[in-house]
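Fold and contact review
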Amino acid sequence: MKTPEELEARLDEGAWLLPGEVAALLDIDRTTVIRAYLKSSPPKIRYRLRAGSGRYRECHPEDVRRELDARRRVHGDQ
């Protein structure tokens, strides 16, 4: 697993992140990302299914950035 700094750099480059990577950035559990952000109605973070085998979700970088910035404001990280 990449460090939060590496994940944030990928996010800044516009990379779509997996739920586990989003969880590492937001410092929450992967299951929470799926239940609270991806399966909410409407989803708080848009996602797409990765092409090919499996049903891997990839989270939209703009939505992940918005949630990361909001979390930092609430927790005083900025």
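A short tour of the structure in this document, coming up. This is a predicted model, so every value here is computed, not measured.

1. A few points about the overall build of the chain
On a plain count of helices and strands, the chain comes out with 4 helices and 2 strands. For a compact globule of 78 residues, the expected C-alpha radius of gyration is about 12 Å, and the chain comes in at 12 Å, within 12% of that figure. With respect to the principal axes defined by its C-alpha atoms, the chain has extents near 40 × 30 × 20 Å. Within the span of the chain, comprising 78 residues, buried residues form 36% of the whole. Within the chain, counting contacts between residues at least 6 apart in sequence, those at least 24 apart form 35% of the total. Surface exposure of the chain reaches about 5,200 Å², of which carbon and sulfur atoms provide 46%. If the 16 positive side-chain charges of the chain are averaged to one point and the 14 negative ones to another, these points end up 8 Å apart.

2. Quick look at the side chain of histidine 60
Within the secondary structure, histidine 60 is located in the loop between β2 (57–59) and α4 (61–75). Since its relative accessible area comes to 14%, histidine 60 is described here as buried. Of the polar contacts made by the side chain of histidine 60, one reaches the backbone nitrogen of glutamate 62; its length is 3.2 Å. In this structure, histidine 60 is in contact with Trp16, Ile45, Arg46 and Tyr47, ignoring residues within four places of it in sequence.

3. Comments concerning the environment of arginine 57
Relative to the helices and strands, arginine 57 is located in strand β2. For arginine 57, a relative accessible area of 22% puts it in the partly exposed group. Sequence-distant contacts of arginine 57, defined by excluding residues within four places in its chain, comprise Leu17, Leu18, Pro19, Ile34, Leu38, Lys39, Tyr47, Arg48 and Leu49.

4. What to know about α4
For α4, built from 15 residues, the straight-helix expectation of 21 Å at 1.5 Å per residue is met to within 8% by its first-to-last C-alpha distance of 21 Å. Among the residues of α4, those classed as buried are Pro61, Asp63, Val64, Arg65, Glu67, Leu68 and Arg72. Looking at the buried positions of α4, the neighbouring elements they touch are α1 (4–12), α2 (19–26), α3 (30–38) and β2.

What counts, and where the lines are drawn
Residues numbered from 1 in each chain as written. Predicted model: local features only at pLDDT ≥ 70, side-chain atom pairs only at ≥ 80, totals over all residues. Heavy atoms only, no water. Helix = DSSP H or I, 4+ residues; strand = E, 2+ residues; numbered from the N terminus. Rg over C-alpha atoms; globule rule 2.2 N^0.38 Å. Buried < 20%, exposed > 50% of the residue type's maximum accessible area, 1.4 Å probe, protein only. Contact = heavy atoms within 4.5 Å. Areas by Shrake-Rupley, 256 points an atom, 1.4 Å probe, with all protein chains shown as cover. Lys, Arg positive; Asp, Glu negative; His and termini not counted. Charge placed at Lys NZ, Arg CZ, Asp CG, Glu CD. Polar contact = N/O pair within 3.5 Å; in protein donor to acceptor, adjacent residues only side chain to side chain. Expected span 1.5 Å × (residues − 1).

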